[in-house]
Amino acid sequence: MTKAVRNLCLVLGDQLSFDLASLDGLDSQHDAVLMVEVMEEASHVPHHPQKIALVFSAMRHFAQALQQRGIRVQYVALDDPQNTGSVPGELGRWQSLMQPQELHLTECGDWRLEQSLKDCGLPIQWHADSRFLCSRDEFAAWASGKKQLRMEFFYREMRRKSGLLLNGDGTPVGGAWNFDADNRKALPKGTKAPYPARFASDSITQEVLVLVRKHFSSHYGDLDTFDYPVTHTDAQALWDYFLDYGLAGFGDYQDAMASDEPFLFHARISAALNIGLLDLRQLCSDVEAAYWSGGIGLNAAEGFIRQLIGWREYVRGVYWLKMPDYAAGNAFGNSRPLPEFYWTGETQMNCMRQAIGQSLKHAYAHHIQRLMVTGNFALLAGIVPSQICEWYLAIYMDAFDWVELPNTLGMVMHADGGYLGSKPYCASGQYIKRMSDYCRDCAYKVTESTADNACPFNALYWHFLMRHGDLLRGNQRMAMLYKNLDRMPESKQNALWNRGQRLLAKLDAGESL
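It should be emphasised that the depicted structure is a prediction, and the values quoted were computed from it without experimental measurement.

Rules behind the numbers
- Residues numbered from 1 in each chain as written.
- Predicted model: local features only at pLDDT ≥ 70, side-chain atom pairs only at ≥ 80, totals over all residues.
- Heavy atoms only, no water.
- Helix = DSSP H or I, 4+ residues; strand = E, 2+ residues; numbered from the N terminus.
- Buried < 20%, exposed > 50% of the residue type's maximum accessible area, 1.4 Å probe, protein only.
- Contact = heavy atoms within 4.5 Å.
- Salt bridge = Lys/Arg side-chain N within 4 Å of Asp/Glu carboxyl O.
- Axes fitted to C-alpha atoms, helices over the stretch in contact; angles between N-to-C directions.
- Parallel < 35°, antiparallel > 145°, perpendicular 65-115°, else oblique.
- Nonpolar A, V, L, I, M, F, W, Y, C, P; charged D, E, K, R; others polar.
- Core = buried A, V, L, I, M, F, W, Y, C linked by side-chain atoms within 4.5 Å.

Draft legend 1. Representation of the side chain of Thr106 in the model. Within the secondary structure, Thr106 sits in strand β4 (residues 102-106). Using a relative accessible area of 0% as the deciding quantity, one classes Thr106 as buried. Apart from residues no more than four positions distant in its own chain, Thr106 is found in contact with Gln15, Leu20, Ala21, Ser22, Trp126, His127, Ala128 and Asp129.

Draft legend 2. Seen up close, the pattern of salt bridges. Scanning the model with the defined rule gives 23 salt bridges in all. The closest approach of N and O atoms between Arg156 and Glu152, which form a salt bridge, is 3.1 Å. Residue Arg156 and its partner Glu152 are both found in helix α6 (residues 151-162); the two are separated by 4 residues, about one turn of the helix. What makes Arg156 partly exposed here is its relative accessible area of 25%.

Draft legend 3. Region of the structure containing the packing of helix α19 (residues 456-467) against helix α21 (residues 479-487). Following both chains from N to C, one finds α19 and α21 inclined at 100°, their axes separated by 11 Å at the closest point. Considered as vectors, α19 and α21 are oriented roughly perpendicular to each other. Side by side, α19 and α21 meet where Tyr461, Trp462, Leu465 and Met466 of the first sit next to Leu481, Tyr482, Asn484 and Leu485 of the second. In terms of residue class, the contact of α19 with α21 is built from 7 nonpolar, 1 polar and no charged.

Draft legend 4. Expanded view of the nonpolar core. Counting residues in each nonpolar core, the largest one holds 164 residues, and the members touching the most others are Phe304, Ile309, Tyr314, Tyr342, Met352, Phe377 and Trp391. Of all the elements, helix α12 (residues 298-322) adds the most residues to this core, at 13 residues. Apart from the residues lying within four places of it in its own chain, the contact partners of Met352 are Phe341, Tyr342, Thr347, Gly357, Val373, Thr374, Phe377 and Phe457. Counting 20 residues, the second-largest nonpolar core is a separate cluster that includes Val5, Val76, Trp94 and Ile124.

Below is the structure:
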């Protein structure tokens, strides 16, 4: 017979923090933690096998760590024959078995899951997710009355709230809030990125890898290269490695891309942070300390902190403010399905092959590869927003709905009509050439726009501007682009349009480019 408890605290797979709000005041004698691996969460999109392995292994390690602290943990493995297959189902089953006086749960990271738990009929005590700097209510108050939001102004509020990189009088260190213009250098030839820190699988992780191979072999993505940290200790080691070897170069080269260099100067900590193995405030404090000690430049410190307390908090705020209607956004009326080569990497476009290939191999690509390569192509080609959103959610280790959906639907696809970002992030192949060496080994020529061997990004870029002029010409940040378009001879415009039409027709026919 299962022993009754006073409080039963459900901890989800992206809530693996010892200071989680719902665990506050937990009594080891009278309370218990419930953790469940369920098929519904692992397969509602075809998650990359490494992502499933990360979450399940980290959950099992966290459960073990709680038990070592004397906390009672009721853990349900995926292949438990009594497993109902869903989080609400398991919560209801264990509520019936353990008869707790109260059920406690921290806010979810997925509107779908949170709604299903609210609809399950159980009397849950909900707790705000204090791991974030800005609460849902605080963001809603900031956004109230604004027709459009701008991350830059929100970011300044978060800087003031946190006190990070501020002078004594409250002004920003360096005289400016944002040094983004100093974060855009291409990687000089011969520059060596630090060797990526890797973590060997222990017996728990090896068991999980066997489980994932058994149940998710049909999902796209390589499982053999799994080397991510699954404990707080290893996540901290990954972070320390970045502080020592990556952060200084991150400032200059965070937007750079290079062939067969999937990580460059990036930290690779977003997955660990998003599931609770690292603490946001501590990360920011460490970066600030590295700046004050003279170890890194201001562009590195500010750029990294901006990603954490600016953009990351901002997209979460937008998500919870606008869901569930936000997910249906399609401002350009896109109708083209996602090309198959997004799932295979089989394309002659080297930039796409590199970005997709490493995503399949490592469940990872950095923000410029996502925004300006795979995302840019989806925007220019008119892909259905929900399909490219599902791809990002499925393929990336760090992708959870609260962070993936606004980034993809709002920033990448501009499908919210400009609520999250002020302009579409569209670009021709010239941007990719400037920020990478991808074009050097490509079957297409980035110097050509209308020939059969011309870089597809070039014609598709102008085709996108032409077909959406009614929506975009009034955007002040797009004015120069349309002036350049209008100065083109009509014959050049027609040639670009026709090349774009041919490329899109190939996609419609199911052909790879």
